[in-house]
Amino acid sequence: MLKYFDSSYVGTVDMEDCGYLGKPINDRWYTNEQLAGALYKAEEYARTMDRCGYDTFWMAEHHFQPEGTECIPNLLMMAMHLCGITKNIRIGCGFNVVPMWHPLRLAEDYATAEILTRGRTVFGVARGYHTREVETFGSPLSDQDANREMFEEGTDLVFKAFNEEKFSHKGKYYTCPPEVPYRGYTLKEITLVPRPLKLPVECWQPIQSGSDRAFDFMAKHGICGVIGGGSAEGGAVQRHIDGFRAAYKRRGIDLVLGERMSIGFQFHIASSREQAMKEAAIYYEENMKMFGELRLVRAITEQQMAAMRNPALVPSTKLPRIEDAVKAGGFLAGTPDEIIEHLKGVEKALPGLERISCSLPLGTPLKVALEQLERFSKEVMPAFRGKVKAAAAE
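Presented here is an overview of the structure given in this document. (Residues numbered from 1 in each chain as written. Predicted model: local features only at pLDDT ≥ 70, side-chain atom pairs only at ≥ 80, totals over all residues. Heavy atoms only, no water.)

Some remarks on the overall build of the chain
- Along its length, the chain carries 13 helices and 14 strands.
- Computed over its C-alpha atoms, the radius of gyration of the chain comes to 21 Å, within 12% of the 21 Å expected for a compact globule of 394 residues.
- Surface summary for the chain: the accessible area is close to 17,600 Å², and the carbon and sulfur share equals 52%. (Helix = DSSP H or I, 4+ residues; strand = E, 2+ residues; numbered from the N terminus. Rg over C-alpha atoms; globule rule 2.2 N^0.38 Å. Areas by Shrake-Rupley, 256 points an atom, 1.4 Å probe, with all protein chains shown as cover.)

Set out below in C-alpha cells:
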C-alpha cells in the first residue's frame, strides 16, 4: 500500500532553449550567480513539499557542472539548512557518491546531520556516473571494476563506523586506523564521534545494472533500493524488483514484492494526456539529452547520443519520445484521475511497495515544477492517503 510520496531535484538552473532541437548540453554555460541560484531553488522545493505533505525531498550530489545541470555539491550541508527552514519534510541524500569521499568523513558528516536535524536526514549511497567528477577527486570510474571495489569497501567502512563502538579496518583502499603511537600506546581501534542516534541507519541506493553482486551487497547492509526517478528512467522494472527480493531471500529475509523499495516516476498533470505530453515534451527531451549518454537510460545508441549533441542530426534520427515513456509507464502524463489509475495498478502489482517518488524532468522551470508538485499533492495523493494533512497549518 502506498504511504509515502517523495520527489527529487538534481539542482538545475532554469534553462532556456530546451529540447532535442534546442541548445546542446555541452554548449550551455552559466554565470556563478545563475549556478548559485540552483541552491535557492532547493529552498523553494523544500518549502512547497513540506507545506503539501510530501515525506522526503531527495537531492543529488554532483560537482563541476557549469552547464547548470546538477549544481549541489554537498547534500548534508543542504539537509542541515533545509531542515532549519521547514517543519516536517525529510531530506534525502540521493545520493552520496562514496568513492568521492573518505568513508569516515562521510560517516561523521552524516551522523552530525542526523543528530542536529532530529533524524530528518536520510542516508543514501552510490558509485557515481560522471568521470569528470569521480576521477577529478582521484577515484576510479572508467575502470568500473575498481570503482565497484572502492564503493563496496568504502560503504563497508561507513557501516562499520555507524554500528560498532570501536572498530578497525584493513583493506585494499583504506586502513583505519594506522598503527601509530598515540598517548603512550599503539593505535589499534578508533570510534566514530558522534555516531548516529538511530540505528540501524536507513540507507537507500539506486538500482541501475541490477546485478546479483549489487543486490547481495545491498541485502548485506539492509540497504533499500530505488528504481527510476531523478536522473534515471522511471517506472518499475520487474527483473530488478525480483532480483532485489531474491538477494534478501538468500540472507533469510522474506520480502513482500516491492518491500524496502521506492519506484520513481516523472510526471506532468494537465487537462488531458495529450496536453500533458505536449507541455512536458521539451523537458523530457532535455532530461534525455543530459542523462542518455551517461548510460542512465537503457538502450541508447551511439547514433542517438550524437544527435542529442547536435540538433542538425535530430530530424534524421529516431530518438526517445515522451509518448514512448508514457506508454512504458515511466512518465505519468494526464489528468489526476489517469495518474491515480496508473498508480493504483502499481500498488496492486507490488503489494509491499510503500514509497514512490514523483519528480519533474530536468529543465522544468521552477514555477512549473512548484505548481505541478502542489497539484499532485492536492489531486493525486489524497486518493491513497485519504485526506492529506499539510505539514503546516494553512
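Things to note about the pattern of salt bridges
- Counted by the stated rule, this structure contains 27 salt bridges.
- The salt bridge partner of R309 is E293, with a shortest N-O separation of 2.9 Å. Taken as a pair, R309 in helix α9 (residues 302-309) and E293 in the loop between α8 (273-291) and α9 lie far apart in primary sequence, 16 residues in all.
- The network of salt bridges with shared partners includes D6, D55, R90, E202 and R355. (Salt bridge = Lys/Arg side-chain N within 4 Å of Asp/Glu carboxyl O.)

Observations regarding the pairing of strand β2 (residues 56-59)
- Both faces of β2 are covered, namely the face carrying T56 and W58 and the face carrying F57 and M59.
- In the sheet, strand β1 (residues 4-9) pairs with β2 via three bridges, with the strands oriented parallel. Across the sheet, S8 pairs through a bridge with W58, a residue of β2.
- In this view, the connection linking β1 to its parallel neighbour β2 by way of helix α1 (residues 32-52) has right-handed handedness.
- Sheet analysis places β2 next to strand β3 (residues 90-93), joined by four bridges and oriented parallel. Considered in β3, the bridge of W58 is made with G92.
- Note on the crossover from β2 through helix α2 (residues 75-84) to β3: the handedness is right-handed. (Buried < 20%, exposed > 50% of the residue type's maximum accessible area, 1.4 Å probe, protein only. Pairing = 2+ DSSP bridges. Right-handed = clockwise from strand over helix to strand, strands pointing away.)

Quick notes on the pairing of strand β10 (residues 203-206)
- As paired strands, strand β5 (residues 121-126) and β10 are joined by two bridges and run parallel to one another. Bridging from a neighbouring strand, F123 pairs with C203 of β10.
- With three bridges joining them, β10 and strand β11 (residues 224-228) adopt parallel strand pairing. Residue pairing in the sheet places P206 in a bridge with V226 of β11.
- Between the parallel elements β10 and β11, the chain passes through helix α6 (residues 212-221) in a crossover that is right-handed.

Considerations on the side chain of Q205
- Along the chain, Q205 falls in strand β10.
- Sequence-distant contacts of Q205, that is, excluding residues within four places in its chain, are made with F95, V125, F151, F217, M218, I223, C224, G225 and V226. (Contact = heavy atoms within 4.5 Å.)

Overview of the state of the cysteines
- Scanning the entire structure with this criterion turns up zero disulfides.
- C203 supplies the cysteine sulfur nearest to C93, a cysteine that is in no disulfide, at a spacing of 9.4 Å.
- A relative accessible area of 1% means that C93 is categorised as buried.
- Cysteine C358 is unpaired, with the sulfur of C52 as its nearest cysteine sulfur at 14 Å.
- Taking the relative accessible area as the measure of exposure, C358 reaches 1% and is therefore buried. (Disulfide = S-S within 2.5 Å.)

Quick look at unusual backbone geometry
- Cis geometry is found at the peptide bond from V193 to P194, where omega equals -5°.
- Following the sequence through the fold, P194 ends up in the loop between β9 (185-186) and β10.
- Here L199 and P200 are connected by a cis peptide whose omega angle stands at -5°.
- Note on placement: P200 falls in the loop between β9 and β10.
- In this structure, R260 is a non-glycine residue whose phi angle is positive, near 65°.
- Among the structural elements, R260 can be located in the loop between α7 (238-250) and β12 (261-269).
- We classify R260 as partly exposed; its relative accessible area is 33%.

Quick look at the environment of A36
- Counting through the fold element by element, A36 comes out in helix α1.
- With 55 residues separating them along the chain, A36 and I91 place their C-alpha atoms 19 Å apart.

Things to note about the nonpolar core
- With 98 residues, the main nonpolar core has F57, L343 and F376 as its most contacted residues.
- In terms of nonpolar packing, the next biggest core, distinct from the first, is built from 20 residues, I300, M305, I322 and F331 among them. (Core = buried A, V, L, I, M, F, W, Y, C linked by side-chain atoms within 4.5 Å.)

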